[in-house]
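Tertiary structure, described
If you want the building blocks of each chain, they are given just below.
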Amino acid sequence: MKILGIETTCDETAAAVVTLGDDERGHILSNEVLSQIAEHAAYGGVVPEIAARAHVEVLDRLIARALQRAGTALPGIDGIAVAAGPGLIGGVLIGLVTAKTLSLVARKPLIAVNHLEAHALTPRLTDGLAFPYLLLLASGGHTQLVAVRGVGDYVRLGTTIDDAIGEAFDKVAKLLGLGYPGGPEVERQAANGDPERFALPRPMLGRRQADFSLSGLKTALRIEAERLEPLAVQDVADLCAGFQAAVVDVVVDRVRVALRAFSTVAGHPTALVAAGGVAANGAIRRALTAQAGEVGLGFVAPPLPLCGDNGAMIAWAGLERLRLGLVDDLTVPARARWPF
Ligand code: KG4
Ligand code: ZN
C-alpha cells in the first residue's frame, strides 16, 4: 500500500509518499518539504494570503517530485491523503482541491486527514508505537495533552486557555528582536543564558486540570525586557533561558497531571509522546525523557524533520485511516477549525 500525502495548512508546502512494509511498519519513500519562512520572516509571522499564493506556486511540482523520488507515479498510488484542516483556510483549500482533483482523475480513494491527528499518529510511523499513549501536541497553533487510544479515538486531557507553546516562543522572540520562527532562535539564545537571573512565573503550576496558560509568563518577560531597554546580548540570552526554563517547568507539571488523568480514561500508557514543532526543543525533550523514566515509561518524539509540518505524517495518517476503511468523498470540506 502506497499513500501520497499533501500538507498545506500553514507555511510549509509538503508532499510525501509512505508505504506499508511487510513488517506492518510504515516506510517513508519520499518526503518533500518547501518552507515559506523566508516569505513571512519580514512580518514576524505567517501571512495567510502570502502562504496561500506560495502553496499554489509550488504544490504541483512538489507532488511530482515526491512521486518521482518514491520511484512511482499516480497509477502506482493506493490513496491520496490531504490535510483538510485545521489551518489557514486559503492554504487548506489549495491542498484539498488539488487532492480531490488527483483523486478524481486517477480514480484513487481520497482521505481527508486532520492535521493534528497526523502529528498525533507520527510516532507510530517512526517508532511503531502501540496504543494507548499520552501525547503532548505542541505547535505554533496548538497545545494539547491527549490520550491517544486508537485511530480516531482521542480524549483531550488538557489544552491552553490562551497562547499555544510555539506561539509563546514566537512572541517572545519577536519581543526580543529575534527572527521567525521564534522557537529555534529562543532555544539557541537560551543555551548561553542564565535561567535564574529573572524570577519568571510558572502559570498553572499545581492546578488539578492539565491545562496551560502562557500569556502571563510572556507578559512578565515583556516587563523585565522593557525595564532593561536597550537590551545587551547577555540580557537577551538570560531572558530566553529564563523563559525556556519556566516553560519546561510548566510542561513537566502539566504532563504529571495528565498522566494521572490518563489512567482513568485509557489505562496504562505505552509511552509518553511529544509531537508538533515544539517537540524539536532540546530542553523540553530532555525534561520529558527524565520524567517518563521516573514513572517507568519510554519517551518518544519524532526525529526533528518529522516534528514540524511535513507530508509524511499526512500520508501515514491517511494510510492508518485507509486500512480501517475510513475514506472520504469529494464533498469533504476544508476546515479552518477542526478539533480532534
Ligand atoms: O508543528 P509546526 O511546524 O507548525 C504548526 O504550528 O502547526 O510548529 C511550529 C512551531 C513554531 O511556533 C515554532 O516556533 C515552534 O514550533 N518550534 C519550537 C522549536 N522549533 C520549532 N519551539 C521551541 N523550541 C524549538 N526548538
Ligand atoms: Zn503542525
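Residues numbered from 1 in each chain as written. Chains lettered and ligands numbered in written order. Predicted model: local features only at pLDDT ≥ 70, side-chain atom pairs only at ≥ 80, totals over all residues.

Let us now look at unusual backbone geometry. Omega for the peptide link from G85 to P86 comes to -10°, which places this bond in the cis form. Its place among the elements puts P86 in the loop between β4 (79-83) and α3 (89-106). Residue E229 is joined to P230 through a cis peptide bond whose omega torsion reads -10°. Summarising the element assignment, P230 is placed in the loop between α7 (215-228) and α8 (233-266). If you check the backbone angles, R107 has positive phi at about 55° while not being a glycine. (Helix = DSSP H or I, 4+ residues; strand = E, 2+ residues; numbered from the N terminus.)

Glancing now at the domain arrangement of the protein chain. Each assigned domain of the protein chain is listed here: domain 1 (2-120 + 309-323) and domain 2 (131-269). Each of domain 1 and domain 2 has a C-alpha centre, and the two are 28 Å apart. Where the side of domain 1 that touches domain 2 is concerned, the elements lending two or more residues are α1 (37-41), α4 (115-127) and α11 (311-323). Residue composition of the side of domain 1 that touches domain 2, by class: four nonpolar, four polar and two charged. (Domains from an automatic or database assignment. Nonpolar A, V, L, I, M, F, W, Y, C, P; charged D, E, K, R; others polar.)

With that settled, the discussion passes to the environment of V151. Along the chain, the position of V151 falls in the loop between β7 (143-150) and β8 (153-159). Taking the C-alpha atoms as reference, V151 lies 8.4 Å from E117; in sequence the two are 34 residues apart. Setting aside anything within four residues of it in sequence, one finds V151 in contact with E320, R321 and L324. (Contact = placed C-beta atoms within 7 Å.)

This paragraph deals with the sheet that holds β4. Strand order in the open sheet made by the five strands is β3-β2-β1-β4-β5, with mixed pairing throughout. Looking along the sheet, the strands with just one partner apiece sit at the ends: β3 (26-35) and β5 (110-113). Averaged over all pairs of adjacent strands, the angle between their axes in this sheet comes to 15°, without regard to strand direction. In this sheet, β5 lies alongside β4 in parallel orientation, the contact comprising four bridges. Bridge pairing in β5 links V82 to A112. Contacts between helix α2 (residues 48-69) and the sheet are confined to β1 (2-7), β2 (12-20) and β3, with β2 contributing the most and set at about 25° to the helix. (Pairing = 2+ DSSP bridges. Axes fitted to C-alpha atoms, helices over the stretch in contact; angles between N-to-C directions.)

Ordered by their spatial adjacency, five strands build an open sheet running β8-β7-β6-β9-β10, and the pairing between neighbours is mixed. Edge positions in the open sheet fall to β8 and β10 (298-300), since each of these has one partner strand only. The mean angle between the axes of side-by-side strands here comes to 25°, regardless of whether they run parallel or antiparallel. In this structure, strand β9 (residues 271-275) lies alongside β10, joined through three bridges in parallel fashion. Note that in β10 the partner of V273 across the bridge is V300. Helix α9 (residues 282-294) rests against β9 and β10 of the sheet, and its axis sits at about 170° to β9.

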